[in-house]
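Structural features, examined
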Amino acid sequence: MIDSLYMPYLMRIEKITCEAPGVKTFMLKFVNEEDQNNFAFKAGQFGEYSVFGEGESTFCIASSPTRKGYIECTFRQSGKVTNALAGCEEGSVIGFRGPYGNIFPLDEWKGKNILFIAGGIALPPMRCVIWNALDTRENFKDITIVYGAKSVNDLVYKNELKEWEIRDDVRLVTTVDPGGETPDWKGEVGFVPSIVEKIAPSAENTVAVVCGPPVMIKFTFPVLAKLGFRDENVFTTLENRMKCGFGKCGHCNVGKVYVCKDGPVFTQAQLKELPDEY
Amino acid sequence: MNIERRLVRKDSLEKLFDILRQNKKTVFAPVMKNGKASFKPVGSFSSIAEDYIQTTQSSKEVIFPRVEKFLDYEKNGKEVSIKGFDYQSVTETVLWGVRPCDTIGFGTLNSIFNWDFKDEIFNARLSKTIILSFSCNKSDDYCFCTSVGGNPGSTAGSDILFTKLGADGDYLAEVVTEKGQAIVALASELFEKTESVEKEKFLANVPVKFNQEEIRKKLEKFFKSSQWVEQSLKCLGCGACAFVCPTCACFDIQDDAHGKIGSRMRCWDSCGYSQFTVHTSGHNPRSVQSQRWRQRIMHKFSYMPERLSVYGCTGCGRCSRACPADMNILEHLISIQEVKI
Amino acid sequence: MDDLRKRAKELIDTSAVKVVIGYEQGTGNKTRALFVENSEVADKLIFDSRCVQNLAAYVTKQEVKSKGKMAITATLPVMRAIIQLASEFQVNDDNLIVIGITPESKIIDFKNLEEVETYVHQFQIEIDARNREILDKLDKMTPSERWKFWIDELSPCFKCYACRAACPMCYCSRCTVDFNRPQWIPVSSNELGNLEWHFMRAMHLTGRCVDCDACANACPLAIPINLLTKKMIEDAKSDFGGYQPSLKGENLLSTFKPDDKENFIQ
Ligand SMILES: Cc1cc2nc3c(=O)[nH]c(=O)nc-3n(C[C@H](O)[C@H](O)[C@H](O)COP(=O)(O)OP(=O)(O)OC[C@H]3O[C@@H](n4cnc5c(N)ncnc54)[C@H](O)[C@@H]3O)c2cc1C
Ligand code: SF4
Ligand code: SF4
Ligand code: SF4
Ligand code: SF4
Ligand code: FES
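Described in the following lines is the structure provided in the data block.

About the cut-offs
- Residues numbered from 1 in each chain as written.
- Chains lettered and ligands numbered in written order.
- Predicted model: local features only at pLDDT ≥ 70, side-chain atom pairs only at ≥ 80, totals over all residues.
- Heavy atoms only, no water.
- Near = heavy atom within 4 Å.
- Nonpolar A, V, L, I, M, F, W, Y, C, P; charged D, E, K, R; others polar.
- Pairing = 2+ DSSP bridges.
- Helix = DSSP H or I, 4+ residues; strand = E, 2+ residues; numbered from the N terminus.
- Axes fitted to C-alpha atoms, helices over the stretch in contact; angles between N-to-C directions.
- Salt bridge = Lys/Arg side-chain N within 4 Å of Asp/Glu carboxyl O.
- Buried < 20%, exposed > 50% of the residue type's maximum accessible area, 1.4 Å probe, protein only.
- Polar contact = N/O pair within 3.5 Å; in protein donor to acceptor, adjacent residues only side chain to side chain.
- Areas by Shrake-Rupley, 256 points an atom, 1.4 Å probe, with all protein chains shown as cover.
- Patch = residues over 30% accessible without salt bridge, like charges linked within 9 Å, V, L, I, M, F, W, Y side chains within 5 Å.

Take the site of ligand 5 next. What surrounds ligand 5 is a group of 13 residues, the closest being Cys157, Cys160, Tyr161, Cys163 and Cys219 of chain C. Taken together, the residues that form the shell around ligand 5 break down as eleven nonpolar, one polar and one charged.

Have a look at this one:
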């Protein structure tokens, strides 16, 4: 039987983790083992997750390609499909199409320092590449993660944050917006861009990966420029509205670029060439 | 293959139509309703409309239907079973009476649906469709095929192109493809051998109004122009222009649920709608109509030629005829060409 | 016509308004909206019987509004629409001046919307004879005949929403059809969904529709959707004593009274 591009894999929800209010992580396994064996993806790619009868929604694959046998996604309950997903229980079957989009060029980053800067619920696209880097740790020099959220409650992946905290081959800096701290909070207090400026990582032989809400990105780029990062070495992901995921439906088109095909990973240098429609 | 030229007597068209029907082919042809011509499955030759410049909607619907179901699902507790696209349901279809500006459009759609990932559903429909087109002997002020690389007698995209030789004349049939030859084989007695015929003098005269290469080059530096707002202040932001267009292919993906069962499909969408790009957060990268109008022109005359090596417009003029606000694409393109930058 | 151009120039030259919305010659035999922002452009203004697009649809459009204070050339249906919009707080004397055009194509100067209202109230909304006849025919049909009539007419609708976009009263930033939680109306075009869309629209316009026919004129497929709103105008007349747009904002179907005699409302 020939299937169409639009046919999803059936995936079973193996495990649900509540990350923060309204934010959940699903661990998904292929219902059909053969699909599992044929499936491969790389860090940075995304998929279309669906609840049958409600529709499809775009999330990145939040687990690392180095972890085989399952994929994970983390989503914020915000609209029609994400609400329906949030209502799913462990064991339920949902749809998944993918992987789509380009990748973080980890191969090109070999021998370099990596600085990850994430805000809010934007850690998921990052988590995939962070784990990928940590699982192939020998390929890279220093790894620094700066992660901020509105409040302590809003930090996602709390278990992993703990894990990264104790590892001595990665430097983790967590921060919450002023007023979002709890009495026992030991991390930083302040907005992500100012924390980046404060810890002032060296731009020498370093790539920066920035994911987060538009305001955070907007204020982080100038800070990185000030620290000496070149536009080609600053990576981010775009979230244009998507439907198909493979360059046909037109929704994600910005200038000559289809974000779903040529992205979602872009360098700041590439973004400067694009019209401001994201 | 080389184009074969045959003569079809004017009374033979009906016979050809009947033979197609006898061969169990679904025939889509222009039919008049409420004063508008549109493509419908037709059972009798006499119901085919004749006196119109162009159908209101393009014939893309036959290959890219306004609603295309991909899959059916059935839920059972936590389990789900799905059934994919039914390729058997795509039967041989004859598209009768399309104009060259539609047949060229199928090539454009083909580029969109196959430039990278291959869309098998689109391809299944295209491969099962036989395109019998008719040259234009009339045009109106909205037509501009000759400015975008077409012409009223273009064979591009047709399986057989018929050209009426004079007001009450017979037809020249140009058999362009193997699919066309197969049709000739069904009714070979109707396709007579002919000496070379000059078809040009029977074609509509559509003057060239602009140079699309020049427009493309200009658009590269035109993104921030104030022209977009000036041009589009009267645009109402509907989907009429995109829906009637033979090359617009943007779509939405939607589920249709009926209790435990339901389906998933794609349906036409348009970059002119305010909701087209809006995020769940409410952020809208194209928040005003001038940005959306700019996208329409840029996509067709800059982004598509760059990415897909085809222009996104065949000059059929439908969008201008259909627009409730009289946004005339030809007029706007000419004014872009005239701007000095 | 000269009066109209003179008035527009005056308004622009005295900076009374930033933009005058009127009609110009369009392409083919069409007329279309013209936005006059300087007095030379005013010479392109025209008015004749082809000018039926309801320009009031533009006064709620973001990019038009952002120009500043507007003036609008308004025939009776446009004036009605303006009054209805004013009652819904979309326009007021501070952002809009109305240049009235009488059925005899004479210009009327209005000082304010109240004067426009007084003018409008001299006339009742009357369904024209041709549509009256079709409505009578529809009334006499059996329910199944009527069902078939509407399925036949509305099935071709491809949901381009030109009708909605051209309608001065359809200015919601998020229309019910764009709403997906819950999905009241299916996004795709299909028989029942199309009926739902048009019935929904007719209901939302009952007691607001000014009978300008802009929706039907806008439809690229020439679907007579204005029959639905016309029918609702008739029903509003027989059941509620008729509709007249009013600055006091007494809307026919959206007026809530705690002591309503119907109990479903409580
Ligand atoms: C490449 C990419 C990766 C993403 N990764 C994540 C992730 O890991 N976790 C997460 O929580 N969110 C992610 N998003 C955003 C997520 O897709 C939207 O929040 C989500 O589609 C909302 O869907 P909904 O049906 O609940 O909302 P509704 O408002 O009901 O959505 C309707 C439709 O709008 C579109 N849409 C709405 N907002 C967005 C948006 N911001 N981006 C793209 N499409 C949108 C979708 O097509 C959706 O089907 C990602 C988006 C992109 C493009
Ligand atoms: S150009 Fe015309 S048809 Fe297209 S969106 Fe604007 S008003 Fe609608
Ligand atoms: S953009 Fe307009 S003129 Fe060009 S192909 Fe589409 S409908 Fe025809
Ligand atoms: S013009 Fe707009 S609707 Fe048409 S194909 Fe291009 S982006 Fe899509
Ligand atoms: S304008 Fe016509 S085709 Fe478009 S949505 Fe309205 S009724 Fe349907
Ligand atoms: S999501 Fe459809 S083209 Fe990019």
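More follows now that the structure is in view.
All names here are of chain B. One open sheet holds the four strands; their spatial order is 5-4-12-11, and the pairing between them is antiparallel. Pairing within the sheet leaves two strands with one partner each, and these edge strands are strand 5 (79-83) and strand 11 (251-258). Pairwise comparison of adjacent strand axes, ignoring direction, gives a mean angle of 25 degrees for this sheet.

A full pass over the atoms with the stated rule returns 60 salt bridges over all chains. The residue Arg127 of chain A makes a salt bridge to Glu72 of chain A at a minimum N-O spacing of 2.8 Å. One end of the pair, Arg127 of chain A, is in helix 3 (residues 123-135); the other, Glu72 of chain A, is in strand 5 (residues 71-76), and 55 residues separate them in sequence. Each member of the pair Arg127 of chain A and Glu72 of chain A is classed as buried. With a shortest N-O distance of 2.5 Å, Asp51 of chain B and Lys138 of chain B are connected by a salt bridge. On the criterion of sequence distance, the pair formed by Asp51 of chain B in the loop between strand 3 (36-41) and strand 4 (67-76) and Lys138 of chain B in the loop between strand 7 (129-134) and strand 8 (160-164) is long-range, its members being 87 residues apart. The exposure class assigned to Asp51 of chain B is exposed, which follows from its relative accessible area of 59%. For Lys138 of chain B, a relative accessible area of 36% puts it in the partly exposed group. Several salt bridges share partner residues, and in doing so they unite Asp326 and Glu331 of chain B together with Glu24, Lys30 and Arg32 of chain C into one network.

Attention now moves to the site of ligand 1. Neighbouring ligand 1 are 25 residues; Thr58, Lys80, Thr82 and Met242 of chain A together with Thr280 of chain B lie closest to it. More than one chain reaches ligand 1: the nearby residues come from chains A, B and C. Separating an oxygen atom of ligand 1 from a backbone N or O atom of Gly79 of chain A is a distance of 3.0 Å. About the coverage of ligand 1: the protein hides 92% of its 820 Å² of free accessible area. For the shell around ligand 1, the secondary-structure elements that each account for two or more residues are strand 4 (55-60), strand 5 and helix 2 (80-86) of chain A. Of all the elements, strand 4 of chain A adds the most residues to the shell around ligand 1, at five residues. Considered class by class, the residues forming the shell around ligand 1 number nine nonpolar, ten polar and six charged.

A contiguous nonpolar patch, built from Trp147, Leu192 and Phe199 of chain C and spanning about 310 Å² of accessible area, is present on the exposed surface. The class for Trp147 of chain C is partly exposed, based on a relative accessible area of 46%.

Moving on, we come to the pairing of strand 11 (residues 206-211) of chain A. All names here are of chain A. Most of strand 11 sits out of view: six of its six residues are buried. Side chains Thr206, Ala208 and Val210 of strand 11 all project onto a buried face; the interleaved residues Val207, Val209 and Cys211 project onto the opposite face, where all are buried too. Bridging between strand 7 (residues 113-119) and strand 11 involves six bridges; their strand directions are parallel. Residue Phe116 lies in a different strand from strand 11, and its bridge partner there is Val209. Direction of pairing for strand 11 relative to strand 12 (residues 234-237): parallel, over a ladder of three bridges. Bridge pairing in strand 12 places Val209 opposite Phe235.

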